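# Coordinate inspection notes
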Amino acid sequence: MKLPQTPSLRLDGKRALVTGATSGIGLGAATALARAGAEVHCLARSNDQLDALCGALAEEGLSARSLPMDLTDVKAVADELAAREAFDVVVNSAGMARHSAALDTSPEDYDAVMGLNLRAAYFLSTAAARRMTAVGKPGSIIHLSSQMGHVGGIVRAVYCASKHALEGMIKAMAIEWGPNRIRINSICPTFIRTPLGEQTLADPERRQWIEGKIKLGRVGEVEDIMGAVVYLASDASALVTGTSLLIDGGWTAE
Ligand SMILES: NC(=O)c1ccc[n+]([C@@H]2O[C@H](COP(=O)([O-])OP(=O)(O)OC[C@H]3O[C@@H](n4cnc5c(N)ncnc54)[C@H](OP(=O)(O)O)[C@@H]3O)[C@@H](O)[C@H]2O)c1
C-alpha cells in the first residue's frame, strides 16, 4: 500500500512579511516563521526594537530584515510592497485596543482602533495580493484577529467591531483571490499574555471573568499561537482559506 505524503511545515526559500513583529504575538510569528526556514521581513514603527529583533534572530543563525514603517500609512505601505519582490507569506499582527464602555467611546478612539485593526489590514492585504497576482505567485495572508471577532466582550465594542469586520473582509477577499491561489485566513486567540493585554489581565475582576470563560483554565502564551502561524503559512493548510482558526481555550464553545 502506498502511504500518503505528510505535507511539509517547512518554509525554506519563502519570503515572509510580519507586521507588529517586535512584540507579543508578532514576535512569536516572526520567530516561528524564521525557524521554519523563511526569510522574515519584520515591520513595526520602532527602529530600535526592530534592530533588537533582527539581532536576536541572527544570533540563532536566522534570516531577518527590518522594515520600519507605520502600517496606518497605507499609501507608503502599498508603495513599499509594490517596489519589493512579492511575499509568499504575510502575517499581520500589528493591532491595538482602546477599551471603553460603548457609551463613552470617543470618535478619536474609534478612528484609531479601526484605522489600524481594519483599514490598515485591508490595504496591507490588497497591496500584498496585488504584488502576488502581478507575478502569478500563490500566497498566504494571515491576520491576527481575535475571539472578539466571533463574540462580544465587556467594554470593548470598538475592538469587537474591528475584529468582526476583519473576519468579513477575509471571507470576501478569499472568494476574490482563491482563483489566484492566494489564501487569506485569520487566527483568533483568546487572551494572550503580551503587552497589549497587560492592563486587562492586571485587573482582578477582569481576570476572574477571563479565567471563568477559558475552559482550559489558563490565559494563553505567545507559544500557543506559533504553531498555527506556521500551519497557515505552509502547504499543510493548502486548502484552507476564508476562515478563522480559533485558539481560545474553549471560550466560544458555549
Ligand atoms: N494579546 C492578546 O490577548 C490578543 C488576543 C487576541 C488577539 N490579539 C491580536 O493580536 C495582535 C497582536 O497583539 P499583541 O498582543 O501581540 O500586541 P502587542 O504586544 O501590543 O504588539 C503590537 C505590535 O504592533 C506594532 N504596531 C503597533 N502599531 C503599529 C503601527 N501603527 N504600525 C506598525 N506597527 C505597529 C508594535 O510595534 P511598534 O509600537 O514599534 O510599532 C508591536 O510590534 C493584535 O491584532 C491583537 O488585536 C491579541
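Refer to the structure presented above.
Heads up: these notes are all about the structure in this document. Remember, predicted model here, so these are calculated numbers, not experimental data.

## A few points about the pattern of salt bridges
Evaluation of the coordinates by the stated rule reveals 14 salt bridges. In this structure, E85 and R15 form a salt bridge, with 3.8 Å as the shortest nitrogen-oxygen distance. Of the two residues, E85 is situated in the loop between α3 (74–83) and β4 (89–92) and R15 in strand β1 (residues 15–19); the sequence distance between them amounts to 70 residues. R15 gets classed as buried once you look at its relative accessible area, which sits at 10%. Across the salt bridge formed by D79 and K75, the nearest N and O atoms sit 2.8 Å from each other. Taken as a pair, D79 and K75 lie in helix α3 at a separation of four residues, close to a single helical turn. For K75, a relative accessible area of 56% translates into the label exposed. Through salt bridges that share partners, R15, E39, R65 and E85 make up one connected network.

## Re the layout of surface pockets
Of the volumes computed, that of the largest pocket is approximately 930 Å³. Residue lining of the largest pocket: 38 residues in total, with S93, A94, G95, M96 and L196 positioned closest to the centre. The element best represented in the lining of the largest pocket is helix α1 (residues 24–35), accounting for three residues. In the lining of the largest pocket, the residues fall into 17 nonpolar, 17 polar and four charged.

## Focus: empty space enclosed by the protein
Rolled over the atoms, a probe as big as a water molecule pinpoints where empty space is left. Under the criterion given, the structure shown has one cavity of 30 Å³ or more. Looking at the largest cavity, its volume works out to about 30 Å³. Lining the largest cavity we find N92, A94, N117, A121, H143, L144, K163 and L166. Counting only elements with at least two residues in the lining of the largest cavity, the list comes to α4 (107–135), β5 (139–144) and α5 (157–177). Taken together, the residues that form the lining of the largest cavity break down as four nonpolar, three polar and one charged.

## Comments concerning the pairing of strand β2 (residues 39–44)
Regular strands have side chains that alternate between both faces of the sheet. Judged by how many residues are buried, β2 sits mostly within the fold: six of six residues are covered. Of the two faces of β2, the one lined by E39, H41 and L43 and the one lined by V40, C42 and A44 are each fully buried. As judged from the five bridges shared by β1 and β2, these two strands associate in the parallel manner. For L17, the partnering residue across the bridge sits in β2 and is H41. For the crossover from β1 across α1 to β2, the handedness is right-handed. Where β2 and strand β3 (residues 64–68) come together, five bridges link them in parallel fashion. Within β3, the residue paired with V40 across the bridge is A64. Of the crossover connections in this fold, the one passing from β2 over helix α2 (residues 47–59) to the parallel β3 is right-handed.

## Quick word on the site of the ligand
In the neighbourhood of the ligand, 30 residues make up the surrounding shell, with T22, S23, I25, Y159 and T194 lying closest. Within the side chain of T22, one N or O atom sits 2.7 Å away from an oxygen atom of the ligand. Coverage of the ligand by the protein amounts to 90% of the 890 Å² it exposes when considered alone. Taken atom by atom, the bulk of the ligand overlaps the largest pocket. Counting residues per element, the ones that place at least two in the shell around the ligand are α1, β2 and α5. Of the residues in the shell around the ligand, the class split is 15 nonpolar, twelve polar and three charged.

Conventions adopted
Note that residues are indexed from 1 along each chain, following the sequence as it is written. Side-chain atom pairs in this predicted model are given and counted only at pLDDT of 80 or more, local residue features only at pLDDT of at least 70, and totals for whole chains, interfaces and linings cover all residues. Note that the side-chain values use all heavy atoms of the structure and ignore hydrogens as well as water. Salt bridge criterion: a side-chain nitrogen from Lys or Arg within 4 Å of a carboxyl oxygen from Asp or Glu. Think of it this way: any DSSP run of H or I at least four residues long counts as a helix, any run of E at least two long counts as a strand, and we number them from the N terminus. The cut-offs for exposure are 20% and 50% of the maximum accessible area for each residue type, with area from a 1.4 Å probe on protein chains only; residues under the lower value are buried, those over the upper are exposed, and the others partly exposed. The rule is simple: put a 1 Å grid over the protein atoms alone, call a set of points where a 1.4 Å probe fits but cannot get out a cavity, call an open set with protein on both sides within 12 Å along at least five of seven lines a pocket, and count a residue as lining if it has an atom within 4 Å of a point. Grid points are joined across faces, edges and corners, and a volume is the space filled by probe spheres set on the points. Amino acid classes used here: Ala, Val, Leu, Ile, Met, Phe, Trp, Tyr, Cys and Pro are nonpolar; Asp, Glu, Lys and Arg are charged; the rest, including Gly, are polar. If DSSP finds at least two bridges between two strands, the strands pair. Looking down the strands as they point away from you, a crossover is right-handed if its path from the first strand over the helix to the second goes clockwise. Summary of the distance rule: residues count as near a molecule or strand when at least one heavy atom falls within 4 Å of that molecule or strand. N or O atoms closer than or at 3.5 Å make up a polar contact, with two conditions inside protein: a donor-capable atom paired with an acceptor-capable one, and, for residues adjacent in sequence, both atoms drawn from side chains. Each accessible area value is a Shrake-Rupley result obtained with a 1.4 Å probe; residue values ignore everything except the protein chains displayed when judging cover. If over half the atoms of a molecule are within 2 Å of the grid points of a cavity or pocket, the molecule is regarded as sitting in it.

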